[in-house]
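The primary structure of each chain is shown beneath.
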Amino acid sequence: MQLAVGAAQKARLHAAPNPWVGAVIVNDNGVVVSEGHTQAPGESHAEIVALRRAGDRARGATMVVTLEPCCHVGRTGPCVDAIVEAGIARVIVGTLDPDARVSGRGVLSLKASGVDVEVGIEEALVREQLAPYLWQRVTGRPYVVLKVASTLDGVVAMADGSSQWITGEEARRDAHVLRASSQAIIVGAGTVRSDDPALTARLDDIILEPLRVVLGHAPEHARVRPCLERSGDLGVILDELAQLDVLQVLVEGGPTTASAFLEHGLVNRVVWYQAPAFAGAFATSGALKDLTTPSMSALRRGRVVDVRRIGEDIRVDVEV
């Protein structure tokens with residue numbers, strides 16, 4: 001299953017709105033015959049890729065797949081049918097697919113066809129990898145990642161308003177991977193006016209353009225255009241983005257936008273880049289300066305899930 005999770009990671013930047021799934025086929029001697037990962041929307045799912053690569057070696061073998069195989073006709077045919085037809089004897093599934101079109105039916109269909117099925121192997125690892133997809137399918141809203149880049153004392157803009165660049169090149173490149181992993185990026189109009197960001201994901205020679213959403217009005221010639229301009233209830237905006245097949249939203253707005261999403265309890269994960277630098281509070285802008293916390297009992301606590309050094313900076317991931 002860990003190999004399947006590794007295969008799934010290869011699909012992370014191109015599979016959405018489909019889930020990024022990995023599949024591995026193993027023979028009776030425990031030898032890996034093939035692996036596959038989800039292709040771009042409309043192309044093959046991970047199971048089909050693995051079966052195609054295995055050929056006749058799939059007959060009587062075991063398939064290990066991170067997510068329950070689909071059993072419905074979408075842009076592609078049902079993976080369950082292909083698994084049965086290939087003669088796979090056993091399927092080991094990381095976690096069930098909460099999509100209403102699947103939701104246990106894939107497993108039942110396999111069992112009805114005589115395939116031995118086991119569910120829940122390395123489930124915590126799989127669910128962590130698929131968290132945005134699972135969250136969107138269960139709640140109907142995108143998974144929200146709030147990204148902050150600040151000094152060690154939490155400052156995102158200096159007294160003169162300047163903010164580029166607080167973190168180093170390595171951390172900024174990592175943030176572009178975070179953008180590429182998201183289908184939409186949200187910023188406030190103030191950030192657009194002050195920084196004029198393009199909000200593209202630039203990875204080597206590849207430039208990806210997630211859906212860009214501005215809270216308020218973007219100037220006519222802003223680099224963020226074309227974009228959606230929205231105002232009002234943030235929850236309603238997230239609902240609309242879910243209808244546009246957005247699984248993960250990256251909030252990159254300034255202190256007002258970041259504070260608002262946390263204030264309304266709409267953030268799933270905070271990714272905080274900290275530079276080994278200090279700015280102080282006098283006339284500077286704190287990353288969450290508009291967030292109100294009247295008492296210790298109202299303090300928002302999260303769970304640290306990852307801490308790593310990137311270049312000279314630190315990245316801290318917190319589930320909230």
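Quantities reported herein were computed from a predicted structural model and do not represent experimental measurements. (Residues numbered from 1 in each chain as written. Predicted model: local features only at pLDDT ≥ 70, side-chain atom pairs only at ≥ 80, totals over all residues. Heavy atoms only, no water.)

(A) Summary view of the environment of Glu43. Structurally, Glu43 can be placed in the loop between β2 (32-37) and α2 (46-54). Taking the C-alpha atoms as reference points, Glu43 and Arg75, separated by 32 residues in sequence, lie 7.7 Å from one another. (Helix = DSSP H or I, 4+ residues; strand = E, 2+ residues; numbered from the N terminus.)

(B) Structural context of the nonpolar core. Counting 39 residues, the largest nonpolar core has Trp20, Ile25, Leu51, Met63, Ile88 and Val91 as its most contacted members. Apart from the residues lying within four places of it in its own chain, the contact partners of Met63 are Val24, Ile25, Glu47, Leu51, Ile83, Ile88, Arg90, Val91 and Ile92. Counting 27 residues, the second largest nonpolar core, distinct from the first, contains Leu146, Leu241, Trp272 and Leu291. (Core = buried A, V, L, I, M, F, W, Y, C linked by side-chain atoms within 4.5 Å. Buried < 20%, exposed > 50% of the residue type's maximum accessible area, 1.4 Å probe, protein only. Contact = heavy atoms within 4.5 Å.)

(C) Highlighting the environment of Gly22. By secondary structure assignment, the location of Gly22 is in strand β1 (residues 22-26). Relative accessible area serves as the criterion here: at 0%, Gly22 is assigned to the buried category. In this structure, the C-alpha to C-alpha distance between Gly22 and Val148, residues 126 residues apart in sequence, is 30 Å. Ignoring any residue separated from it by four or fewer positions in sequence, one finds Gly22 in contact with Ala4, Ala7, Ala8, Gly36, His37, Ala46, Val64, Val65 and Thr66.

(D) Spatial organisation of the layout of surface pockets. As a volume, the largest pocket reaches approximately 940 Å³. As for the largest pocket, its lining consists of 38 residues, and the residues nearest its centre are Lys147, Ser163, Thr191, Asp195 and Glu252. Here the lining of the largest pocket gets 5 residues from one element, more than from any other, and that element is helix α7 (residues 169-180). When grouped by side-chain class, the residues that make up the lining of the largest pocket number 16 nonpolar, 14 polar and 8 charged. Lining the second largest pocket are 23 residues; nearest its centre among them are Gln9, Arg12, Arg269, Arg308 and Arg315. (1 Å grid on protein atoms, 1.4 Å probe; cavity = no way out; pocket = protein on both sides within 12 Å on 5 of 7 lines; lining within 4 Å. Points joined across faces, edges and corners; volume = space filled by probe spheres on them. Nonpolar A, V, L, I, M, F, W, Y, C, P; charged D, E, K, R; others polar.)

Spatial relationships are all this shows, so hold off on functional conclusions.
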